[in-house]
Amino acid sequence: MKQVVPYRESQDLLRHELNTIEAWEKEQKDIFFWEKIGRWPFMLLDRLTPKIIKDKLEQLLNELGSFIQNGGKYLVKEETVLNKLKQTAREHITRQNGTDLDHSSESAWGLKQSAELPLTIMDQTADEIISGRVTFATAQGATTGIGGVFTVAADIPILLGLSLKVLQEMALCYGFNPDDKQERIFIIKCMQFASSDIVGKKAVLEELALFDDPSRQAQVFSQMQGWREVVNTYRDQFGWKKLLQMVPIAGILFGSIANRSAIRDVAEAGKMLYKKRRILMRLAEAKN
């Protein structure tokens, strides 16, 4: 079978991209007021939050546990993202060579072929998906900010599902299979990274540095045994944003900002961290 896209990055380009991602990681130490709100003591949040919101937040934790174990209702359709990658690859070839994608390769297109695509194609597909998800989340947050506590409570599982969905899509964009339990754990770590402070982000990055090392994976998996603690920070920040969303009228603004920032942050984290893994794998292959 012909190579789908006859191009692979040079080691210099891969290292340049890796340096860009590492610079982005360092920039994550700066958080805005909106994010700082979520780091106030959870005890105060617990006192102010209505029971219906507390119940939904507890459901969020339970559903994250179910997602880690079996994916459940949150697993995405692989075919949808692969078709987007294929279409982007076709457009890339047309621009570069004036020819269409080789149809014999197209008929056998799968996750393995997608993992061999140039980073530019992966990045473009990921950016298009993120743009669509952020737009949807913004509208969703504004809508559920109108009706007070009950519509906000309904918004919580929707936003959780959208967060898990976009992270799985980022995995597929960079050639990783979110059906695998290992990748579902990585997705939860991306969520943790997106909502952590500088100390938490550093800890997550240290853990993820071991993620694809077979001799150290057991250590990473053992750290996920207490997964409820892993997502506590995410829950706290999430709870504050939903609480502000219940403010009459202003809830429309708070809701749109909260949902947009939540999806943008987790999607960006997923994109950068999955891209980093793909780059490190390609650099390792070049050495062998």
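About the thresholds
- Residues numbered from 1 in each chain as written.
- Predicted model: local features only at pLDDT ≥ 70, side-chain atom pairs only at ≥ 80, totals over all residues.
- Heavy atoms only, no water.
- Helix = DSSP H or I, 4+ residues; strand = E, 2+ residues; numbered from the N terminus.
- Contact = heavy atoms within 4.5 Å.
- Areas by Shrake-Rupley, 256 points an atom, 1.4 Å probe, with all protein chains shown as cover.
- Phe/Tyr/Trp six-rings, centres within 6.5 Å; stacked < 30°, edge-to-face > 60°.
- Buried < 20%, exposed > 50% of the residue type's maximum accessible area, 1.4 Å probe, protein only.
- Lys NZ or Arg CZ within 6 Å of the ring centre and 35° of its normal.
- Salt bridge = Lys/Arg side-chain N within 4 Å of Asp/Glu carboxyl O.
- 1 Å grid on protein atoms, 1.4 Å probe; cavity = no way out; pocket = protein on both sides within 12 Å on 5 of 7 lines; lining within 4 Å.
- Points joined across faces, edges and corners; volume = space filled by probe spheres on them.
- Nonpolar A, V, L, I, M, F, W, Y, C, P; charged D, E, K, R; others polar.
- Polar contact = N/O pair within 3.5 Å; in protein donor to acceptor, adjacent residues only side chain to side chain.
- Expected span 1.5 Å × (residues − 1).
- Arc of directions from axis to C-beta.
- Core = buried A, V, L, I, M, F, W, Y, C linked by side-chain atoms within 4.5 Å.

A.B. asks: I'm lost on the overall build of the protein in this one. Help?
C.D. replies: Tallying secondary structure elements over the protein gives 15 helices and 0 strands in all. Of the contacts formed within the protein by residues at least 6 apart in sequence, a portion of 83% connects residues at least 24 apart. For the protein, the exposed surface amounts to about 13700 Å²; the carbon and sulfur share of it is 56%.

A.B. asks: How should the packing of aromatic side chains be read in this particular structure?
C.D. replies: When we look at a pair of aromatic rings, we describe it by the centre distance and by the angle of the planes. One pass over the structure, following the stated rule, counts 4 aromatic pairs. Pairing Phe186 with Phe211 gives two aromatic rings, centres 5.0 Å apart and planes at 75 degrees, and the pair type is edge-to-face. Of the two residues, Phe186 is situated in helix H10 (residues 181-195) and Phe211 in the loop between helix H11 (198-208) and helix H12 (217-222); the sequence distance between them amounts to 25 residues. Given a relative accessible area of 2%, Phe211 falls into the buried group. By way of ring pairs, the aromatic residues Phe176, Phe186, Phe211 and Tyr274 are connected into one cluster. Sitting over the face of the ring of Phe193, Lys201 holds its NZ or CZ atom 4.5 Å from the ring centroid. For Arg277, the ring lying beneath its charged end belongs to Phe186, and the centroid distance is 4.4 Å.

A.B. asks: So what exactly am I meant to see when it comes to the pattern of salt bridges here?
C.D. replies: Under the definition given, this model contains 11 salt bridges. Salt-bridge contacts for Asp127 lead to Lys271; the nearest nitrogen and oxygen are separated by 2.6 Å. Taken as a pair, Asp127 in helix H8 (residues 119-144) and Lys271 in helix H15 (residues 250-287) lie far apart in primary sequence, 144 residues in all. Residue Arg133 is joined to Glu169 by a salt bridge in which the shortest nitrogen-to-oxygen separation is 2.6 Å. Taken together, the residues span a long stretch of sequence, with Arg133 in helix H8 and Glu169 in helix H9 (residues 149-173) at a distance of 36 residues.

A.B. asks: Looking at this structure, how should I read the layout of surface pockets?
C.D. replies: Where empty space is left can be seen by rolling a probe of water-molecule size over the atoms. Looking at the second largest pocket, its volume works out to about 280 Å³. Along the wall of the second largest pocket there are 14 residues; nearest its centre are Leu208, Ala209, Asp212, Arg277 and Leu280. For the lining of the second largest pocket, the secondary-structure elements that each account for two or more residues are H11 and H15. Class assignment of the residues belonging to the lining of the second largest pocket gives a composition of 9 nonpolar, no polar and 5 charged.

A.B. asks: Even after reading the chapter, I still don't get the environment of Arg264, so can you show me in this structure?
C.D. replies: Here Arg264 is to be found in helix H15. Along the sequence, Arg264 and Arg133 sit 131 residues apart, while their C-alpha atoms lie 8.2 Å from each other. One polar contact links Arg264 to Asp265, side chain to side chain, over a distance of 3.5 Å.

A.B. asks: For this particular structure, what's the right way to read helix H1 (residues 11-27)?
C.D. replies: Count 3.6 residues to each turn of an α-helix, and residues three or four apart come out pointing the same way. Helix length check: H1, at 17 residues, gives a terminal C-alpha distance of 24 Å against a target of 24 Å (1.5 Å per residue), a fit within 8%. Those residues of H1 not exposed but buried are Leu14, Leu18, Ile21, Trp24 and Glu25. Looking down the long axis of H1, one finds its buried residues gathered within 115 degrees of arc, a one-sided arrangement. Among the exposed residues of H1, those oriented more than 90 degrees off its buried face are Asp12, Lys26 and Glu27.

A.B. asks: Teacher, can you tell me more about the side chain of Asp123 here?
C.D. replies: Position of Asp123 relative to the elements: it lies in helix H8. Look at Asp123 and you get buried, because its relative accessible area is 14%. A polar contact of 2.8 Å, which involves the side chain of Asp123, links it to the side chain of Lys275. For Asp123, the contacting residues outside a window of four places in its chain are Tyr174, Lys271 and Lys275.

A.B. asks: Could you clarify how one ought to interpret H11 in this entry?
C.D. replies: Every buried residue of H11 is listed here: Gly200, Lys201, Val204, Glu207 and Leu208. With its buried residues spanning 125 degrees around the axis, H11 presents them on a single face. Pointing more than 90 degrees away from the buried face of H11 are the exposed residues Val199 and Lys202.

A.B. asks: How do you make sense of the nonpolar core when you look at a structure like this?
C.D. replies: Grouped burial of nonpolar side chains is what soluble globular proteins tend to show. Counting 60 residues, the largest nonpolar core has Leu164, Met170 and Tyr274 as the members making the most contacts within it. For this core, the secondary structure elements donating two or more residues are H1, helix H4 (51-70), helix H5 (78-97), H8, H9, H10, H11 and H15. Each residue touching Met170, except ones within four places of it in the same chain, is listed here: Ala126, Ile129, Ile130, Ala267, Gly270, Lys271 and Tyr274.

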